[in-house]
Structure formats: C-alpha cells, structure tokens
Amino acid sequence: MNSPPSRGKIEIENVSYAYPQEVKPALSDINFTFEAGAFYCILGKNGSGKSTLLRCINALVIPDKGKISICEFDTSDEKTITQARKSVSMVFQNPQTQLIAPTVEEEVAFGPENLGLEAREIAERVEEALHLTGTKHLSNRPTECLSLGEKQLVAMAGVLAMRPAFLLSDESTSMLDSGSRARILNLFAKLRESRIGVVHVTHFVEEAIKADKVLILEEGRLVKSGNPQETLGNPEEVAKFGIEPLPVTLIARELQLLGYSLGNAPLQPDDLILWTL
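Numbering of residues starts from 1 in every chain and runs along the sequence as written. Per-residue local features are limited, in this predicted model, to residues with pLDDT of at least 70; the limit for side-chain atom pairs, both in listing and counting, is 80 or more; totals at the level of whole chains, interfaces and linings are taken over all residues. With hydrogens and water stripped out, all remaining heavy atoms of the structure feed into the side-chain values.

Sorry if this is basic, but what is going on with the sheet that holds strand E8 (residues 197-201) here?
Within a sheet, adjacent strands bond to each other through the backbone by hydrogen bonds, running parallel or antiparallel. One open sheet holds the 6 strands; their spatial order is E6-E7-E8-E3-E9-E10, and the pairing between them is mixed. Edge positions in the sheet fall to strand E6 (88-91) and strand E10 (221-226), since each of these pairs with one other strand and no more. Averaged over all pairs of adjacent strands, the angle between strand axes in this sheet comes to 20°, irrespective of strand direction. Working rule for contacts: check all heavy atoms of both residues, and any pair within 4.5 Å makes them a contact. In this analysis, axes come from line fits to C-alpha atoms, helices being fitted only over the stretch in contact, and the angle between any two N-to-C directions falls in the range 0 to 180 degrees. Helix numbers and strand numbers start at the N terminus; a helix is a DSSP run of H or I with at least 4 residues, a strand a run of E with at least 2. Each of strand E3 (39-43), E6, strand E7 (166-170), E8 and strand E9 (213-218) is contacted by helix H1 (residues 50-57), which is oriented at about 150° to E7, the strand it contacts most. Paired strands are those between which DSSP finds at least two bridges.

Right, here's the structure in full:
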C-alpha cells in the first residue's frame, strides 16, 4: 500500500466539545498528537468521551473549543475540512450496517469510484485493500453471506481503498469472536508497517497491550497516556477508571503480596505485562 506522507499526524490542541442541550461537556481540554505508523488504543468506561473524540477527529463534529489538524489540514476550516476528512477513514461497531454493495469487490470499489478515479486505479486500490485485509478470496462473495468477522474486514478494506493516513476504529472488534478479533489486530499490525496510523477504541484491555500507546479517558478528560506498561501496569488504578485489569497484573499483585520477587528485584504487576507483549 502506498505510504501516507511522513508529515502525517493528528494534532489535538485544547479540544472541548459539548453536545447540544447537554450541560456537561463530552470532552474537556484534550491535548494529544497521533503519529502515522503507530497503533493507539483508547480505553475508558461508557460515556467517557471515546467515541466523541473519534467523531471530532473525523470532523463529524467540530470542537466548541480548540483545534484539530489532520495531516496539517484544520478540521474547523471550510477550505481544508474536505482534505482533513480524506486523510482519515472510520469503521464502526456493527459491520452489518457498513456494507451496501452486493459483492465484496463492489463494496471495496465503492469509495474509490465516488472519488471519480480512473478504472485502472480503482482496480489497483481494490486489489491492494483486499490483499492487505486478507479478503482476496472473498472478492466475488455476496456481502450478505459473510460472517461478522469477514464483514468487518471487508468494511476495513473498503475504507483502506481510500488510502487514508489514519484508520479510526470505534469498537470495531466488540461484536466479533476471538478469532476474528485476532485477525483485526493482525491487520492493525500490518497497517503500522505500512505507515498508516490506527486509533482504536476498545473495551478489551488485552487488545490495548498490543498498542504503541494507550490513552485513558475519564468524564471527557484525558487522564493517562503512555505505553501499555505505564498505563495498565497498576491494577488498582486501572480499576479506578472503570477498566477491567489484566488478569496477569492481578496475578502479579497477589504474588507480590506473598513476597515473591523477579530475580533480585521486587515483582511488580507491570513486569508481567512485558511478558505478554
């Protein structure tokens, strides 16, 4: 897949947003930069602002305060919002609501066709996206006959055919079985290698430990960010944010309380997180 430009990043500066008729803001003073070619996971309890943040990044809603730039295009500027939107593509929770074409190949071609591209480039993009998502063997299959996992991969192929700098995933694995979830995570790893950024909202902490960086939202605020070991290594803190701690960190805490150590150093819960990465 053609790599996005090296300048590709999403810059979020002091962003706040409140839905109409809502007194409490959904987002408050968010600051963060997402780099192309990295995998990010966003965690937090329901209502913490995870989906709203993705909607702001995708320019589906415009922040009341602050600024979001995508590959240097300002989402609040009418002159650049179209280019900003073209730089990101989004997939949602339910794959059955995202497919509209009768066959897989037609589904993946739908986006590029609407860009008015020549037939040769459309075919190239379709082939590229099907290969990347591992769905080439499904190209002639009716979309209605696919499994949920296959539908989600095809939905991702469709947005990747648009060649975005970033893929936004709003709980795209939440309805899938463990095997399908693993295939989606493998795809995210491939996208990272292709210099495409992935911003993935999830409730599955075991998915977050595969990320380069983890963000935790609480009541619309970014309360913690860093690598998985930094953000998820303390089970008590993770639970405080409404996130189920990793079983491995709970085991480490119990071993620590029993006096066990790792070599000459005290055993810490985040030590075991490293073993799972």
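Next comes the rest of the account.
What is the right way to read the packing of aromatic side chains from this model?
Each aromatic ring pair is described using two quantities: the centre-to-centre distance and the angle formed by the ring planes. Only Phe, Tyr and Trp rings are paired, with Trp represented by its six-membered ring, and only when their centres lie within 6.5 Å; those with planes under 30 degrees apart are stacked, over 60 edge-to-face, the remainder tilted. A complete count under the given rule lists 5 aromatic pairs for this structure. Only lysine NZ and arginine CZ atoms are considered, and such an atom sits over a ring when it is within 6 Å of the ring centre and within 35 degrees of the ring normal. Over the ring of Phe 204 we find Arg 181, and its NZ or CZ is 3.6 Å from the ring centre.

Got a minute to help me understand the pattern of salt bridges in this structure?
Should the charged atoms of two oppositely charged side chains come close, the side chains can pair. The term salt bridge refers to a pairing of a side-chain nitrogen on Lys or Arg with a carboxyl oxygen on Asp or Glu at a separation within 4 Å. Applying the stated rule across the entire model yields 14 salt bridges. Glu 121 serves as the salt-bridge partner of Arg 125, at 3.0 Å between the closest nitrogen and oxygen. Residue Arg 125 and its partner Glu 121 are both found in helix H4 (residues 119-133); the two are separated by 4 residues, about one turn of the helix. Judged by relative accessible area, Arg 125 falls into the buried class, the value being 9%. Exposure is judged per residue with a 1.4 Å probe applied to protein chains only, and the accessible area is read against the type maximum: over 50% gives exposed, under 20% gives buried, and values in between give partly exposed.

Explain helix H3 (residues 104-114) to me, please; I cannot follow it from the model alone.
Along an α-helix, residues three or four positions apart point the same way, because every turn accommodates 3.6 residues. Those residues of H3 lying buried are Val 104, Glu 107, Val 108, Ala 109, Gly 111 and Pro 112. Its buried side turned inward, H3 meets H4 and helix H5 (148-160).

Looking at this model, I keep getting lost on unusual backbone geometry. Mind explaining?
Leaving glycine out, the prevailing phi sign among residues is negative, and the prevailing peptide bond configuration is trans. Of note in this structure, Cys 71 is not a glycine but carries a positive phi near 50°. Its location among the elements puts Cys 71 in the loop between strand E4 (65-70) and strand E5 (73-74). A positive phi is found at Arg 163, a non-glycine position, where the angle reads about 55°. Summarising the element assignment, Arg 163 is placed in the loop between H5 and E7.

So what exactly am I meant to see when it comes to H4 here?
Its 15 residues place the ends of H4 21 Å apart at the C-alpha level, agreeing with the 21 Å of an ideal helix rising 1.5 Å per residue. Looking only at H4, the buried set comprises Ile 122, Arg 125, Val 126, Glu 128, Ala 129, Leu 130, Leu 132 and Thr 133. The inward-facing, buried residues of H4 abut H3, H5 and helix H6 (178-193). One or two positions beyond H4, positive phi appears at Gly 134, with a value near 70°. A helix's residues, less one, multiplied by 1.5 Å, set its expected span.

Would you mind going over the packing of H3 against H5 with me for this structure?
How two helices sit against one another is set out by the angle between their axes and by the gap between those axes. Contact geometry for H3 and H5: axes closest at 7 Å, N-to-C directions at 35°. Once H3 is placed against H5, the crossing between them reads as right-handed. Contacts between H3 and H5 involve Val 104, Glu 107 and Val 108 from the first element and Val 154, Ala 157 and Gly 158 from the second. Under the grouping applied here, Gly and all other residues not named as nonpolar or charged are polar, the nonpolar ones being Ala, Val, Leu, Ile, Met, Phe, Trp, Tyr, Cys and Pro and the charged ones Asp, Glu, Lys and Arg. The residue makeup of the contact of H3 with H5, split by class, is 4 nonpolar, 1 polar and 1 charged. A clockwise turn of the near helix away from the far one marks a right-handed crossing, whereas an anticlockwise turn of less than a right angle marks a left-handed crossing.

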